[in-house]
Amino acid sequence: MKLGELRRNVAAILATSKFIGDAQQASRMLICDLLDITQTQLLTRSDDLIDGASLIIEKAQRVANGEPLQYVCGKAYFCGHEFIAAPGALIPRPETAELVNLIINEKNTGSIIDIGTGTGCIAISLKLALPDAKVTAVDISADALAIAQKNAEKLDANVTLTQCDILQTNVNLGTFDIVVSNPPYIMQSEKSSMEENVLSYEPHLALFVPDNDPLLFYRTIARHCRKEMLAKGGKLFFEINEKMGYQMKEMLAAEGFVDIQIVNDFYGKERFSIATMPA
């Protein structure tokens, strides 16, 4: 099959999907990622014969059925880097890159721990941007850590990876200048407003918290920080549920943090919190 025909066929398949807003754009992204070509090459090499066109058609049908494009292609882009994406870890979101940039702008980033690392996108992006920093990443999921390990090797990032259940009381990971986490924060009651393909394909372990304790992970991490995890004068960075900005600020103040900020993302939603451990 020629490339031009393949592009038309893939676009036609994606146009039938309720999950795809722009079938033409999605078809270009899918084909370019799978063939490792640019969009310019896609448009100017229409007569090229493509080996494996049937496999691309098959993958297009998977996307049309709701499987995330990143899982089908096996890659996701974050902070200018290409990460391996697989169902064992959440797909990196663009707003999370803002969290990384907030930390990069800090002066005291000697040692950093990323809690609930998933693909490793936060920890690895920080290590690549701050090569002198000592970066540790932890997750409860062995599958996620395996993906993070592959990404660290792929991007040549020297990050220490550790399996850990942060909800346990006897966590002993050391003391750090920066603690960052994008933990589960979607309440069970919010499931009905979520996209069907997210619910069907992305790991619920990394998404949901009980309705009766939506700050479970944040409060637990804050208390670990207060015990020994965060150095005096160090900073705690969270990505948060947009509905929980006020509650986050109140909780962090109650746990003894100072200089607490709630920061909006580029959509104008309360998406991040920053807090300082008193000196």
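Residues numbered from 1 in each chain as written. Predicted model: local features only at pLDDT ≥ 70, side-chain atom pairs only at ≥ 80, totals over all residues. Heavy atoms only, no water.

## Side note on the overall build of the chain
A count of helices and strands for the chain gives eleven helices and eleven strands. Expressed as lengths along the three principal axes of its C-alpha atoms, the size of the chain is roughly 65 × 40 × 30 Å. The 279 residues of the chain split such that 51% are buried. In the structure as shown, the chain presents an accessible area of about 13,200 Å², 48% of it carried by carbon and sulfur atoms. Here the chain contributes 26 positive and 35 negative side-chain charges, whose respective centroids are spaced 1 Å apart. (Helix = DSSP H or I, 4+ residues; strand = E, 2+ residues; numbered from the N terminus. Buried < 20%, exposed > 50% of the residue type's maximum accessible area, 1.4 Å probe, protein only. Areas by Shrake-Rupley, 256 points an atom, 1.4 Å probe, with all protein chains shown as cover. Lys, Arg positive; Asp, Glu negative; His and termini not counted. Charge placed at Lys NZ, Arg CZ, Asp CG, Glu CD.)

## A few points about the environment of Val100
Within the secondary structure layout, Val100 lies in helix H6 (residues 94-104). The contact partners of Val100, leaving out residues within four places of it in the chain, are Phe78, Cys79, Ile122, Ser125 and Leu126. (Contact = heavy atoms within 4.5 Å.)

## Remarks on the side chain of Asn182
Considering the arrangement of structural elements, one finds Asn182 in the loop between strand E6 (176-181) and strand E7 (186-187). In this structure the side chain of Asn182 is engaged in a polar contact, spanning 3.5 Å, whose partner is the side chain of Glu239. The contact partners of Asn182, leaving out residues within four places of it in the chain, are Thr96, Ile115, Gly116, Ile122 and Glu239. (Polar contact = N/O pair within 3.5 Å; in protein donor to acceptor, adjacent residues only side chain to side chain.)

## Regarding the packing of aromatic side chains
Following the criterion strictly, the structure yields three aromatic pairs and no others. Where Tyr218 meets Phe238, the ring centres are 4.8 Å apart and the plane angle is 85 degrees; that geometry is what we call edge-to-face. One end of the pair, Tyr218, is in helix H10 (residues 216-229); the other, Phe238, is in strand E9 (residues 230-239), and 20 residues separate them in sequence. Overall, Phe238 belongs to the buried group, its relative accessible area being 0%. (Phe/Tyr/Trp six-rings, centres within 6.5 Å; stacked < 30°, edge-to-face > 60°.)

## A short note on the sheet that holds E6
Taken together, seven strands build an open sheet; the order of strands is E5-E4-E3-E6-E9-E11-E10 and the sheet is mixed. Each of the sheet's edge strands pairs with one partner strand only, and the pair in question is strand E5 (159-163) and strand E10 (258-264). Across the sheet, the mean angle from the axis of one strand to that of its neighbour is 15 degrees, orientation sign disregarded. Direction of pairing for strand E3 (residues 111-115) relative to strand E4 (residues 134-139): parallel, over a ladder of five bridges. Residue pairing in the sheet places Ile112 in a bridge with Val135 of E4. Relative to E5, helix H8 (residues 142-154) is tilted by about 170 degrees, and along the sheet it contacts E4 and E5. (Pairing = 2+ DSSP bridges. Axes fitted to C-alpha atoms, helices over the stretch in contact; angles between N-to-C directions.)

## Some remarks on the nonpolar core
Within the largest apolar cluster, 35 residues are counted, with the highest numbers of intra-cluster contacts made by Val179, Leu236, Met248, Leu252 and Phe257. Counting only elements with at least two residues in this core, the list comes to E3, E6, E7, strand E8 (208-209), H10, E9 and helix H11 (245-254). When residues of this core are assigned to their parent elements, the largest contribution, six residues, is made by H10. For Phe257, the residues in contact, after removing those within four places along its chain, are Ala222, Cys225, Leu230, Leu236, Leu252, Ala275, Thr276, Met277 and Pro278. Counting 26 residues, the second largest nonpolar core, distinct from the first, contains Phe83, Val100, Ile178 and Val180. (Core = buried A, V, L, I, M, F, W, Y, C linked by side-chain atoms within 4.5 Å.)

## Structural notes on the side chain of Asn151
With respect to the helices, strands and loops of the structure, Asn151 is situated in helix H8. The class of Asn151 is buried, set by a relative accessible area of 0%. For Asn151, the side chain forms a polar contact with the main-chain nitrogen of Ile84, separated by 2.5 Å. When near neighbours in sequence (up to four residues on either side) are disregarded, Asn151 contacts Phe83, Ile84, Thr119 and Ile124.

## Describing the pattern of salt bridges
Using the criterion set out here, one finds twelve salt bridges in the structure. A salt bridge links Glu255 to Arg223; the nearest nitrogen and oxygen atoms lie 2.9 Å apart. Of this pair, Glu255 sits in the loop between H11 and E10 while Arg223 sits in helix H10, and the two are 32 residues apart along the sequence. Linking Glu255 and Arg226 is a salt bridge whose minimum nitrogen-to-oxygen distance equals 2.5 Å. Here Glu255 is found in the loop between H11 and E10, whereas its partner Arg226 is found in helix H10, with 29 residues between them in sequence. Its relative accessible area of 7% is what places Glu255 among the buried residues. Judged by its relative accessible area of 45%, Arg226 is partly exposed. A single salt-bridge network, built from bridges that share partners, covers Glu242, Asp265, Lys269 and Arg271. (Salt bridge = Lys/Arg side-chain N within 4 Å of Asp/Glu carboxyl O.)

Any functional reading would require information that these geometric values do not contain.
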